[in-house]
Amino acid sequence: MGDVKVVQAQLADLNRVKTLLFKTAKWLNDKGSTQWAGLLKGEDVHNIEEAIKRKEVYLVYNSDSLVGTFALWSKQTAWDEAFWGRDIKSDVFYLHRLALSEDEHGKNTGSLLLDKAKEVARLEKKSGLRLDCVASNRYLNAFYNNNGFNQVGSVEQYDNGEDLQDYHLYFWGNK
């Protein structure tokens, strides 16, 4: 990778972020996953526009080319609370909406995005990153395991608004 930089998304970047998320949802769908299916119908349960306003969405560039995005919540959403229980300390980030540009699949860019999210957590002195992943997506679960995240729990038959699914919970600790 060339010159990699991470910047907070601005409202002017909203369409770029939404396009990345939509194309990732389509890619997942083409692979047989129902993960992020709501995005294909125009639904945005994480309200990415408000997340950008709160400075929680990041864009990752490699030599001025956008390679991906991710969101880091320091305050739990209702979704996070349902999975993790109430977090009154807020000393972790909740990682959501990690998405790659179309031509970045298979190039270790996903690992780069996770490394950059970890870097932000270190800079912000957070104790770690939490995320959830659809349990049936073996590839994605292996990806998180291979990138230093430990599975710390599971949630079975969670109603995500579209159907009932099982989820695995992952944690990366800032050492």
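Note: the structure precedes this text.
A brief structural summary. (Residues numbered from 1 in each chain as written. Predicted model: local features only at pLDDT ≥ 70, side-chain atom pairs only at ≥ 80, totals over all residues. Heavy atoms only, no water.)

Applying the stated criterion across every chain yields a total of 10 aromatic pairs. An angle of 20° between the planes, with centres 5.3 Å apart, marks the rings of Tyr58 and Phe70 as stacked. Placement of Tyr58 in strand β2 (residues 57-62) and of Phe70 in strand β3 (residues 65-73) is noted, with a sequence separation of 12 residues between them. Taking the relative accessible area as the measure of exposure, Tyr58 reaches 8% and is therefore buried. Phe70 sits in the buried class, given a relative accessible area of 0%. (Phe/Tyr/Trp six-rings, centres within 6.5 Å; stacked < 30°, edge-to-face > 60°. Helix = DSSP H or I, 4+ residues; strand = E, 2+ residues; numbered from the N terminus. Buried < 20%, exposed > 50% of the residue type's maximum accessible area, 1.4 Å probe, protein only.)

Before going further, it helps to examine a negative patch on the surface. A cluster of acidic side chains, namely Glu43, Asp159, Glu162 and Asp163, defines a negative patch on the protein surface. You can see Asp159 is positioned in strand β6 (residues 150-159). (Patch = residues over 30% accessible without salt bridge, like charges linked within 9 Å, V, L, I, M, F, W, Y side chains within 5 Å. Areas by Shrake-Rupley, 256 points an atom, 1.4 Å probe, with all protein chains shown as cover. Salt bridge = Lys/Arg side-chain N within 4 Å of Asp/Glu carboxyl O. Lys, Arg positive; Asp, Glu negative; His and termini not counted. Charge placed at Lys NZ, Arg CZ, Asp CG, Glu CD.)

Attention now moves to helix α5 (residues 109-123). Look at α5: 21 Å from first C-alpha to last across 15 residues, which is about the 21 Å you get at 1.5 Å a residue. Of all the 15 residues making up α5, 11 are buried; the element is thus mostly covered by neighbouring parts of the structure. For α5, the set of buried residues is Thr109, Gly110, Ser111, Leu112, Leu113, Leu114, Lys116, Ala117, Lys118, Val120 and Ala121. Remark: Lys125 follows α5 within two positions and exhibits a positive phi of approximately 60°. (Expected span 1.5 Å × (residues − 1).)

Burial analysis of strand β7 (residues 164-173) places seven of its 10 residues in the buried class, the great majority of the element. Pairing of strand β5 (residues 128-134) with β7 involves seven bridges; the strand directions are antiparallel. Paired with Val134 across the two strands is Tyr167, which belongs to β7. Judged from the seven bridges that link them, β6 and β7 form a sheet pairing that is antiparallel. (Pairing = 2+ DSSP bridges.)

Attention now goes to the environment of Leu98. Structurally, Leu98 can be placed in strand β4 (residues 92-100). Given a relative accessible area of 14%, Leu98 falls into the buried group. Separated by 43 residues in the primary sequence, Leu98 and Lys55 have C-alpha atoms spaced 15 Å apart.

Honestly, that's just the spatial picture; any functional story needs more than this.
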